[in-house]
Number of protein chains: 2
Amino acid sequence: MEKLEQRILKEGELRPGGILKVDGFLNHRIDPQLSYEMAMELKRIYEGCEINKVLTIEASGIAMGVMAAFVFSCPLVFAKKSKTKNIADDVWSVEVESFTHGNTNTVIVSKQYLGPEDKILIVDDFLATGAALKGLKALVEQAGGTVVGAGIAIEKVFQGGGDALRQAGMRVESLARIASMTDDSIEFAR
Amino acid sequence: MEKLEQRILKEGELRPGGILKVDGFLNHRIDPQLSYEMAMELKRIYEGCEINKVLTIEASGIAMGVMAAFVFSCPLVFAKKSKTKNIADDVWSVEVESFTHGNTNTVIVSKQYLGPEDKILIVDDFLATGAALKGLKALVEQAGGTVVGAGIAIEKVFQGGGDALRQAGMRVESLARIASMTDDSIEFAR
């Protein structure tokens, strides 16, 4: 998506260790018009697919997730990061490693809001190692639901998570795909 | 707002200790159409006011916040809950007590995204003791910005936070105002 790539080039900040900060429009300050246009692009990409729920993870997936749910006319469910390992019976749960924060979170969704009737579009802001996406997919599978596909804002292709999931049969669509990054340049995959 | 009140009556779950769970449409599973209509109602209420930024707090304020920013055609900034007390120089920060979780969070916003030029609408899902709203107001004041007002989905009037802030001169508008709650009934304020 041309517009997203331009924003990344113009406003993204590169940090050592493969970190791309897009706090200016995606992760801390959010441009809602861009969130809406990304959602519309996902609607175009997944045209004709039966999707009845959008699933994301707090916190930075929620803005794009709610816009996606809005244009798909379905509910958004956001998975929560739990501080405790004492997980209640009424939730689906999975362990997810965070690349950015260097820790592990227990991620939960209430069983009430995710079940076998669900045809899910997973939405997230970033895809790098694929840990979050794999975790969300595992939650849907625990619930007996179907993952129709994923809609990601920014994929760091060079970290391999997206391609591993595609090879495992999952449909993964990313609106901006970064092939490589140095400390002062970004190259997109074509 | 009639539609929100009806959803609260139909889907809200009352728990001992003054807890109202609205996980079905506001806090965990989100109805994006309702989020949009709440945003449009805030636009009607704040018609004619100069607002150039919406501020909320992660995670459950983000969905309503991004819709509000969308209809106001301005950015959303969401304050983050920080695990660490070692706060960097480049953020505004404040301590906020959580009524629901019974703990205290350090809440931060990057100085880059909140400044003296900002005319802020604070958006949040709940207003009870007013701790979160007071904290967000303090962040705006640290930055030298102006709080135009607050737009809240559900105010628990009986907990007093909203009226205390109004008496201190803040404009606080809530879309559903709960005057009283028992373990099996809800009464709205008129």
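Note that the coordinates shown come from a computational prediction; the quantities given were computed from them, not determined experimentally.

## Topic: the side chain of asparagine 27 of chain A
Then, number 1: Within the secondary structure, asparagine 27 of chain A is located in helix H2 (residues 23-27).
Then, number 2: Setting aside residues no more than four positions away along its own chain, asparagine 27 of chain A makes contact with Val22, Ser60, Asp125 and Phe126 of chain A together with Phe78 and Lys80 of chain B.

## Quick word on the nonpolar core
Then, number 1: Of all hydrophobic cores here, the largest spans 78 residues; its most connected members are Leu4 of chain A together with Leu4 of chain B.
Then, number 2: In this structure leucine 4 of chain A touches Phe25, Leu34, Met38, Ala153, Ile154, Leu175 and Ala176 of chain A, once residues within four positions along its chain are discounted.

## What to know about the interface of chain B and chain A
Then, number 1: With 31 residues of chain B in contact, the opposing surface of chain A contributes 31 residues.
Then, number 2: When the two sides are added together, the surface that chain B and chain A hide from each other amounts to roughly 2600 Å², 70% of it contributed by carbon and sulfur.
Then, number 3: The three residues of chain B that bury the most area against chain A are His28, Phe70 and Tyr113 of chain B, which together make up 27% of that side's buried surface.
Then, number 4: Along the contact surface separating chain B from chain A lie zero salt bridges.
Then, number 5: Taken together, the connections running from chain B to chain A amount to 10 residue pairs in polar contact (both at pLDDT 80 or more).
Then, number 6: Counting residues per element, the ones that place at least two in the side of chain B that touches chain A are helix H2 (23-27), strand S3 (29-30), helix H3 (32-45), helix H4 (62-72), strand S5 (76-82) and strand S7 (103-110) of chain B.
Then, number 7: Per element, the largest residue contribution to the side of chain B that touches chain A is six residues, and it comes from H4 of chain B.
Then, number 8: Of the strand pairs in this sheet, strand S3 (residues 29-30) of chain A and S5 of chain B are connected by two bridges, and their pairing is antiparallel. Looking at the pairing, isoleucine 30 of chain A lines up with leucine 76 of chain B of S5 of chain B.

## Some details on the relation of the copies chain B and chain A
Then, number 1: For these two chains of identical sequence, chain B goes onto chain A by a turn of 180° and a shift of 0.0 Å along the axis, with RMSD 0.0 Å. In symmetry terms, the pair is related by a two-fold rotation axis. Of the C-alpha atoms belonging to chain B, the one lying closest to the rotation axis is found on alanine 59 of chain B, 2.6 Å away.
Then, number 2: Mapped onto chain A, 100% of the interface residues of chain B again fall at the interface, so both copies present the same surface.

## Overview of the pattern of salt bridges
Then, number 1: Per the stated rule, a full pass over the model turns up 26 salt bridges over all chains.
Then, number 2: Here glutamate 5 of chain A and arginine 190 of chain A are joined by a salt bridge, their closest N and O atoms 2.9 Å apart. Here arginine 190 of chain A lies in the segment after strand S11 (186-188) and glutamate 5 of chain A lies in helix H1 (residues 2-11), a separation of 185 residues in the sequence.
Then, number 3: Take arginine 190 of chain A: its relative accessible area is 77%, and that puts it in the exposed class.
Then, number 4: Aspartate 31 of chain B is the salt-bridge partner of arginine 7 of chain B, the closest N and O atoms lying 2.8 Å from each other. Here arginine 7 of chain B, found in helix H1 (residues 2-11), pairs with aspartate 31 of chain B, found in the loop between S3 and H3; they are 24 residues apart in sequence, far enough to count as distant. Residues arginine 7 of chain B and aspartate 31 of chain B agree in their burial class; the two are buried.

## Structural notes on the packing of aromatic side chains
Then, number 1: Within the structure shown, the criterion is met by two aromatic pairs over all chains.
Then, number 2: Plain terms: the ring middles of tyrosine 36 of chain A and phenylalanine 70 of chain B are 4.9 Å apart, the flat faces sit at 35° to each other, and that makes the pair tilted. Of the two residues, tyrosine 36 of chain A sits in helix H3 (residues 32-45) while phenylalanine 70 of chain B sits in helix H4, which places them in two different chains.
Then, number 3: If you follow lysine 43 of chain A out to its NZ or CZ, it ends over the ring of phenylalanine 72 of chain A, 5.7 Å from the centre.
Then, number 4: Against the face of tyrosine 46 of chain B rests arginine 171 of chain B, its NZ or CZ located 4.3 Å from the ring centre.

## What about the confidence of the model for chain A?
One rule of thumb: low pLDDT means the predicted coordinates there are not for detailed reading.
Then, number 1: Across chain A, the average pLDDT comes to 95, with 97% of residues at 70 or higher.
Then, number 2: Complex prediction metrics read pTM 0.96 and ipTM 0.95.

Thresholds, definitions, all that
- Residues numbered from 1 in each chain as written.
- Chains lettered and ligands numbered in written order.
- Predicted model: local features only at pLDDT ≥ 70, side-chain atom pairs only at ≥ 80, totals over all residues.
- Heavy atoms only, no water.
- Helix = DSSP H or I, 4+ residues; strand = E, 2+ residues; numbered from the N terminus.
- Contact = heavy atoms within 4.5 Å.
- Core = buried A, V, L, I, M, F, W, Y, C linked by side-chain atoms within 4.5 Å.
- Buried < 20%, exposed > 50% of the residue type's maximum accessible area, 1.4 Å probe, protein only.
- Buried area = accessible area lost by both parts, 1.4 Å probe.
- Salt bridge = Lys/Arg side-chain N within 4 Å of Asp/Glu carboxyl O.
- Polar contact = N/O pair within 3.5 Å; in protein donor to acceptor, adjacent residues only side chain to side chain.
- Pairing = 2+ DSSP bridges.
- Least-squares fit on C-alpha atoms with pLDDT ≥ 70 in both.
- Phe/Tyr/Trp six-rings, centres within 6.5 Å; stacked < 30°, edge-to-face > 60°.
- Lys NZ or Arg CZ within 6 Å of the ring centre and 35° of its normal.
- pLDDT = per-residue confidence, 0-100.

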